[in-house]
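Structural characterization, general
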Amino acid sequence: MKTEPMICQVAVPSPCFNSFDYLLPNTLASHPDDLPKGIRVLVPFGRQEKIGIFLGYTSSSSLAIEKLKPIIAVLDNHSLYTPSTLTLCQFTSHYYHHPLGDVLLTALPKRLRQPVHHLTGSVTITQKGIDHIPAINRKTKQYQLLRQLHRACSTLSYQQLQETFSNRTLNTAMAQELIKIQSKHSSNHVKMASYTSKRIFQAPDFTLTSEQQHVVDMLKRQKTFKTFLLVGVTGSGKTEVYFQVIQSILAQNKSVLFLVPEIGLTPQIIQRFQARFNLPIAMLHSGMSSQAQLTDWEKIKNHQLLIMVGTRSAVFTPHPNLGLIVVDEEHDLSFKQTVGCCYSARDLAVVRGRIENVPVILGSATPSLESLHNVNTKGYERLNLTKRVGSAMTPQLKLVNLRGRKLNRGLSSPVIDAIQTHLDQKKQIMVFLNRRGFAPKMICHDCSWIPICTQCDLPYVWHKHLNRLSCHHCGATQPLAHICPQCDSSMLWDIGCGTEKIETQLKKLFSRANILRIDRDSTRHKGSFNKMLEQIHENEVDIIIGTQMLAKGHHFPNLTLTVVIDADHGLYSQDFRALEHLGQLLVQVAGRAGRNKDNGEVYVQTYYPRHPLLQTLLKKDYHAFAEYLLKKRYEATLPPYSSAALVKVKSKKLNDACDFLNQLAANMRQQNTHALDITGPFPAPIEKKAGYYQMLLWLQSTTKQQCQHGIQIITEMIKKNKPPCSVRWNIDVDPISMSI
Ligand SMILES: [Zn+2]
Ligand SMILES: [Zn+2]
């Protein structure tokens, strides 16, 4: 007989520590082996109750045994992680300097993270509960609860019980170990899927090009961990390559993790999967209900479904027999989480590939500088698809110099002429402008008063169709006063140009054309974006006005002209990555034109036609452009030639934020024996947002180890000398933007 209490290590989301010690409930003490690592438990935490993840037993605790509290309830029978995903979470916590409990819960579908009273578990009475019944006052709720459970002879669902009993009654009974709850979802005895490739794969109705075939052969041969950077110009048939490789993985009864930037914006990828594989595809993205997310996640965990297509957080899905990881559009910024644990799903995909010993494919037409650099330094293998499939030609890029040119509300005459020409040929035209609304600001013509959002100190954007001013940083809106509050003038003019203004102007110039505007404002209703895409495919639209939403992976067969209204924002930005992102955006937008046999044209309006970036893209290609930028980064020792992290701080009190970061920087500089460059503090590009001042401290070092070591010291410092409560802080390792 064991007499010593079992001490359980539980990871609970908390800013300072990775795990906490608890006692095993008495009911479980006789068979402690029943608790597998990676299940959820409900634990008392301060005055609250929290869900934590059980990590294992320990023989001693830094606290006295009498001070330890017992676990309230065990919520699962089986681990929610595979050994690999558990290791991945531990890596994530360590590398991104984020508490393990938070990472472990982030890795679960939303439903499993919710507080216990939302659980769909089943409740049973314990032996202790049965023994307890005669001793309780019959008038109490607890008596009724135990009586009902005892009579039921089987389990009752938590939700059923909630109809009669309060959460308090239920939780108290659980804390006293009179009842226990078990989650329904954790049954592990389900039939595993087993597919043979012929039945599930619909062969394509075309043959691969020799270039595609070569790449497919290379990828199929790889059975163990290796990272491939698949660089395929838009229209080169990357997706077909993925499908062929995925087919060979499924034939081995292994599963596939396919990460995409934003499923809501690329519904076509799911349709293409469904068209080619005769089996249901699991999905994980924020547009799904939490129940649907849980269902698909479980099917992957039970190996009932073999393909998971998901966004960022899907990198943690527990595939028991994983064979391949694909990250499509690997350059896309949305793979990076920017709040909480700032992980990069692309980078973690590579880590996971190494843990699971499976190949990883990173695909893009415009690969990130990091990945290109890793081809040289980390042994990524670069595979190229240089030719467009079929007779499609690479579109011609034309720069329109705006200097000294008269503009017709944002449109130059060469652009207007080109639109007319393509309209005459019954082709589609896309006009790209990454700015919603009618005008980015208003000004009083008489006294130069500008309406600004006082929470962000930035101009309001004028949304004419809503007849409102709106702040694009905090979401605040207000009606436009038609008279200047400062000088009573009625001369309020709009300055600059957004998608709405371009729409109005195009409707005036091309009154017979069907014009469709696609931005976040026009696609607010669920399903409206899909409907608009259909309209384009049915050729019901002549001119499409779009924002970034349209730059991602869409295939419009009849589109032959792309117009970029304003290429200049990003050319001279304080963020050193702005040029990279602008180049990627221009190439991606240009790639929408001429994907069928017709020659595509791309017009780019700019005030800086001689800018080396635009010249390189114009005369050469993305590859030359990336080489140029890499050289610049090398000269400045910026990432990927160094390792960086940002300490992000926000506070409603500017002084508190500054003092805290100044102190931190001073302390770091004082004991800086570890070759860490510290820049700042300096304000974030958006200095104030929703009433919070945003300040940054930039840490940089030539090696990853030194940078990691520096972050370690700085986190210890912050934990020891806590900032004032008005200050919120976070650390972003390998940041991709200066925004908070
Ligand atoms: Zn005025
Ligand atoms: Zn605002």
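Since the model is a prediction, treat every value here as computed from it, not as a measurement. (Residues numbered from 1 in each chain as written. Chains lettered and ligands numbered in written order. Predicted model: local features only at pLDDT ≥ 70, side-chain atom pairs only at ≥ 80, totals over all residues. Heavy atoms only, no water.)

The next subject is the coordination of the zinc ion (ligand 2). Around the zinc ion (ligand 2), the protein supplies Cys-453 (SG), Cys-456 (SG), Cys-471 (SG) and Cys-474 (SG) as donor atoms, at distances of 2.2 to 2.4 Å. Each of the 4 donor atoms bound to the zinc ion (ligand 2) contributes to angles spanning 104 to 112 degrees, and the resulting shape is tetrahedral. In primary-sequence terms, the residues that donate to the zinc ion (ligand 2) follow C-x2-C-x14-C-x2-C. Here Cys-474 falls in the partly exposed class, since its relative accessible area comes to 29%. (Donors = N, O, S within 2.8 Å, 3.2 Å for Na, K, Ca; no water. Tetrahedral: all angles 85-135°; square planar, octahedral: opposite > 155°, others 65-115°. Buried < 20%, exposed > 50% of the residue type's maximum accessible area, 1.4 Å probe, protein only.)

The final tally for this structure, using the stated rule, is 23 salt bridges. Note that Glu-356 and Arg-352 form a salt bridge whose closest N and O atoms lie 3.0 Å from each other. Placement of both Glu-356 and Arg-352 in helix H14 (residues 345-356) is noted, with a separation of 4 residues, approximately one turn of the helix. Classification of Glu-356 by relative accessible area gives buried; the value is 17%. Here Arg-352 falls in the buried class, since its relative accessible area comes to 0%. (Salt bridge = Lys/Arg side-chain N within 4 Å of Asp/Glu carboxyl O. Helix = DSSP H or I, 4+ residues; strand = E, 2+ residues; numbered from the N terminus.)

This brings us to the packing of aromatic side chains. Taken as a whole and assessed by the stated rule, the structure comprises 13 aromatic pairs. Between the aromatic rings of Phe-576 and Trp-698, the centroid separation amounts to 5.9 Å while the plane-to-plane angle is 80 degrees, which identifies the pairing as edge-to-face. Linking Phe-576 in the loop between strand S27 (559-564) and helix H19 (578-590) with Trp-698 in strand S31 (residues 692-701), this pair joins segments that are 122 residues apart in sequence. Each member of the pair, Phe-576 as well as Trp-698, carries the same accessibility label: buried. Cluster of aromatic residues (ring-pair linked, three or more members): Tyr-242, Phe-243, Phe-258, Phe-273 and Phe-277. The side chain of Lys-650 reaches across the aromatic face of Tyr-692, ending 5.6 Å from its centre. (Phe/Tyr/Trp six-rings, centres within 6.5 Å; stacked < 30°, edge-to-face > 60°. Lys NZ or Arg CZ within 6 Å of the ring centre and 35° of its normal.)

The next point concerns the confidence of the model for the protein. Overall, the predicted model of the protein reaches an average pLDDT of 87, with 92% of residues at or above 70. Taken element by element, the predicted model of the protein shows its lowest mean pLDDT in helix H9 (residues 197-200) (54) and its highest in H14 (98). Note that pLDDT drops below 50 for residues 186-192; the model gives that stretch 12 contacts with residues more than four away or on any other chain. (pLDDT = per-residue confidence, 0-100. Contact = heavy atoms within 4.5 Å.)

A word on the coordination of the zinc ion (ligand 1). On the protein side, the zinc ion (ligand 1) has Cys-444 (SG), Cys-447 (SG), Cys-484 (SG) and Cys-487 (SG) as donor atoms, found 2.2 to 2.4 Å from it. In this structure, the zinc ion (ligand 1) is surrounded by 4 donor atoms whose angles at the metal cover 105 to 113 degrees, and the resulting shape is tetrahedral. Summarised as a motif, the one-chain spacing of the donors to the zinc ion (ligand 1) is C-x2-C-x36-C-x2-C. Taken together, the positions of Cys-447 in the loop between strand S18 (441-444) and strand S19 (452-453) and Cys-484 in the loop between strand S23 (477-479) and strand S24 (492-495) put the pair 37 residues apart, joining distant regions of the chain.

If you trace the 7 strands from one edge of the open sheet to the other, you get S11-S12-S10-S13-S14-S9-S15, paired in parallel fashion. Lying at the two open borders of the sheet, with one neighbouring strand each, are strand S11 (282-284) and strand S15 (381-385). Strand after strand, the sheet turns through a mean of 20 degrees between neighbouring axes, direction not considered. Lying over the sheet, helix H11 (residues 238-250) contacts strand S9 (226-232), strand S10 (255-259), strand S12 (307-310), strand S13 (322-328), strand S14 (359-364) and S15, oriented at roughly 170 degrees with respect to S13. In this fold helix H15 (residues 369-377) packs onto S9, S14 and S15, with an angle of close to 125 degrees to the strand it touches most, S9. (Pairing = 2+ DSSP bridges. Axes fitted to C-alpha atoms, helices over the stretch in contact; angles between N-to-C directions.)

Cis geometry marks the peptide bond from Pro-639 to Pro-640, where omega comes out at 10 degrees. Mapped onto the fold, Pro-640 is located in the loop between helix H21 (622-635) and strand S29 (643-651). Omega for the peptide link from Gly-680 to Pro-681 comes to 5 degrees, which places this bond in the cis form. With respect to the secondary-structure elements, Pro-681 resides in strand S30 (residues 677-689). Phi is positive for Thr-637, close to 45 degrees, though the residue is something other than glycine. Inspection of the secondary structure assignment puts Thr-637 in the loop between H21 and S29. According to the relative accessible area criterion, Thr-637 is partly exposed, its value standing at 33%. Despite not being glycine, Asp-734 has its phi angle at roughly 55 degrees, a positive value. Looking at where Asp-734 falls in the secondary structure, it is placed in the segment after strand S32 (727-733).

Where strand S1 (residues 7-11) lies against strand S4 (residues 48-58), 5 bridges are found, and the strand directions are antiparallel. Looking at S4, one finds that Ala-11 is bridged to Ile-53. Looking at chain direction, strand S3 (residues 40-45) and S4 are connected through 6 bridges and run antiparallel. Within S4, the residue paired with Pro-44 across the bridge is Glu-49. Linking S3 back to S4 in an antiparallel pair, the connection comprises 2 residues, with Gly-46 at a positive phi of about 60 degrees.

Moving on: helix H18 (residues 528-537). Every buried residue of H18 is listed here: Ser-528, Phe-529, Met-532, Leu-533 and Ile-536. End-on view of H18: buried residues confined to an arc of 140 degrees, all on one side of the axis. Exposed residues pointing more than 90 degrees away from the buried face of H18 are listed as Lys-531 and Glu-534. Positive phi appears at Asn-539, one or two residues downstream of H18, with a value of about 60 degrees. (Arc of directions from axis to C-beta.)

What follows concerns the packing of helix H20 (residues 612-619) against H21. Where H20 meets H21, the axes come as close as 7 Å, and the angle between the chain directions of the two elements is 150 degrees. One finds that H20 runs roughly antiparallel with respect to H21. Contacts from Pro-612, Leu-613, Thr-616 and Leu-617 of H20 reach H21 at Tyr-622, Ala-624, Phe-625 and Tyr-628. The class makeup of the residues in the contact of H20 with H21 is 7 nonpolar, 1 polar and no charged. (Parallel < 35°, antiparallel > 145°, perpendicular 65-115°, else oblique. Nonpolar A, V, L, I, M, F, W, Y, C, P; charged D, E, K, R; others polar.)

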